[in-house]
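Structural features, examined
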Amino acid sequence: MPKRPPIPFRPQPNPQTLRDELLEYIQKEGFGLFQCEPMGVPVDQAIWWDYRVRPDYKEFFEAAKACGAKLIYFFEQTFTELEIERVEMNLEIALLPEDERRTMLRRLADFRGYIDFLCRVGVGFEVNNRMHWYDVYAPWFFEYLDLAEESKPLGGGFDPDLDDFDDDDLDDDDDDEPPPFGRRYHRN
């Protein structure tokens, strides 16, 4: 089988600039717009546009038109303090050497300058119960995602949204029941 030539490096556009261009293009082309949450983007049954090979979002919209799509799903993700806090919580419970933990915390501190910046923007359309997505990440966000993954302790990381531990559970009033042990963790 012939070897595929390497894909040339193409810098990704600024998500904020791309966001504005996408919204303008959607309106200009007469698509309906449905604003959705980035975490609500379904990944099973999804088909992702290969941005590295075809970076022009207009080609994606041409494909949408060819499939008869009338509604475009749009999402944007802003980098927040919560992303940093989740990594900090993971680092608190991770079994890492102290020097490695400090290095990771210093790397994490560098991302505070990106709080309130768009880190991801995307559009999608549905055809035959399959979602087709075009999304772009800020280049620095890939570095953050790598750090977040490195910070996860074995067995997954801490997710405050799943934390069902309550300080009231520590009351010593009920000696019949054992105290709660730990918190719930994702098993990704």
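For the structure, check the block above.
The following paragraphs examine the structure supplied in this document. Note that residues are indexed from 1 along each chain, following the sequence as it is written. In keeping with the model being predicted, local features are shown solely for residues with a pLDDT of at least 70 and side-chain atom pairs are shown and tallied solely at 80 or more, while totals for entire chains, interfaces and linings include all residues. Hydrogens are left out, water is left out, and the side-chain values use all remaining heavy atoms of the structure.

Let's talk about the overall build of the protein chain
- Think of it this way: any DSSP run of H or I at least four residues long counts as a helix, any run of E at least two long counts as a strand, and we number them from the N terminus. When its secondary structure is counted, the protein chain shows five helices and five strands.
- Counting helices and strands in the order they occur from the N terminus, the protein chain gives α-β-β-α-β-α-α-β-β-α.
- Only protein chains enter the calculation, and the probe is 1.4 Å; a residue is then buried if its accessible area is under 20% of its type maximum, exposed if over 50%, and partly exposed in between. Buried positions account for 32% of the 188 residues belonging to the protein chain.
- Nonlocal contacts in the protein chain, meaning residues at least 24 apart in sequence, comprise 80% of its contacts between residues at least 6 apart.
- Each accessible area value is a Shrake-Rupley result obtained with a 1.4 Å probe; residue values ignore everything except the protein chains displayed when judging cover. Total accessible area on the protein chain is roughly 12600 Å²; 51% of this is exposed by carbon and sulfur atoms. Contact definition: two residues touch when any of their heavy atoms are within 4.5 Å.

Some thoughts on unusual backbone geometry
- Its identity is not glycine, yet aspartate 116 carries a phi of approximately 75°, on the positive side.
- Given the relative accessible area of 63%, aspartate 116 is considered exposed.
- With phi around 50°, asparagine 128 is a residue other than glycine that occupies positive phi space.
- One can find asparagine 128 in the loop between strand S4 (118-127) and strand S5 (130-137).

Some points on the pattern of salt bridges
- A pair is scored as a salt bridge if a Lys or Arg side-chain nitrogen falls within 4 Å of a carboxyl oxygen belonging to Asp or Glu. In total, this model carries 13 salt bridges according to the counting rule given.
- With a shortest N-O distance of 3.4 Å, arginine 101 and glutamate 98 are connected by a salt bridge. Here arginine 101 and its partner glutamate 98 are both found in helix H4 (residues 98-110), three residues apart, which amounts to about one turn of the helix.
- By relative accessible area, arginine 101 is classed as buried at 15%.
- Note that lysine 152 and glutamate 149 form a salt bridge whose closest N and O atoms lie 3.6 Å from each other.
- Through salt bridges with shared partners, one network takes in Arg19, Asp20 and Glu76.

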